[in-house]
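# A closer look at the structure
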Amino acid sequence: MKILIRKYGLHLQAMFMLLAMLVCAVVLTSCEKDELDIRQNYPFEVKVMPVPKEVANGQTVEIRITVQRSGNFNDAKYYIRYFQFDGQGALRYYSEPPYMPNDVYLLPQTQFRMYYTSQSTVSQSFDIWISDNFGNEKQISFQFNSRD
C-alpha cells in the first residue's frame, strides 16, 4: 500500500493542483461583471372588450381594458391619457372626476374600467394612449355614432 501511495502520490498531487487551479479560474472569471443584468423594460399589449357602436347624448358606455404585460417588473408604472377629436364627451376612471384631454394620469391597476359619457348629438371619436415608465406606448381608438 505504501508503495502505491509513493508511486502515484506525485500524480495525485498534480491532479489536485490542476483541479484547484480550474476551480479558481471558474470562480474568478464568473465574477467579472460589475452589475447584474436585470430586465425592467417589458413590452405590453392592451386588450379592450367590445363596446357599442352607437351612443345617445347623456348615455354612459363602459370600456373594459386590460394591460397584458409580457414580463413582470414590480416598479413598472402605467399611465393613461386621451384626446377627443370629434364630438363632445367625458372619460373617467371608475367614479373619479372626468379626465382632462392630453393630461397624463397614473393607472393604479392593469385591469380596469373606463366610463365614457356622451355630451353630443353627433358622431364622437377619441383615442386613448396607455404608456409605461420605460417609453412603451399603445394607442386605442374609439368611435361612436349618434343614436339620437
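For the structure itself, consult the block above.
Read on for an overview of the structure. Predicted, not measured: the structure shown is a model, and the values here were computed from it.

### With respect to the environment of Gln 111
Checked against the element boundaries, Gln 111 lands in strand β7 (residues 111–118). On the basis of relative accessibility, which here comes to 55%, the residue Gln 111 falls in the exposed class. Each C-alpha atom, one on Gln 111 and one on Lys 47, is 9.5 Å from the other, the two residues being 64 residues apart in sequence.

### Describing the sheet that holds strand β9 (residues 137–146)
Ordered in space as β2-β9-β8-β4-β6, the five strands form an open sheet in which the pairing is mixed. Looking at strand neighbours, the two that pair on one side only are β2 (54–55) and β6 (105–107), the edges of this open sheet. When strand β4 (residues 78–86) meets β6, the two strands line up antiparallel, connected through three bridges. Within β6, the residue paired with Tyr 78 across the bridge is Leu 107.

About the criteria used
- Residues numbered from 1 in each chain as written.
- Predicted model: local features only at pLDDT ≥ 70, side-chain atom pairs only at ≥ 80, totals over all residues.
- Heavy atoms only, no water.
- Helix = DSSP H or I, 4+ residues; strand = E, 2+ residues; numbered from the N terminus.
- Buried < 20%, exposed > 50% of the residue type's maximum accessible area, 1.4 Å probe, protein only.
- Pairing = 2+ DSSP bridges.

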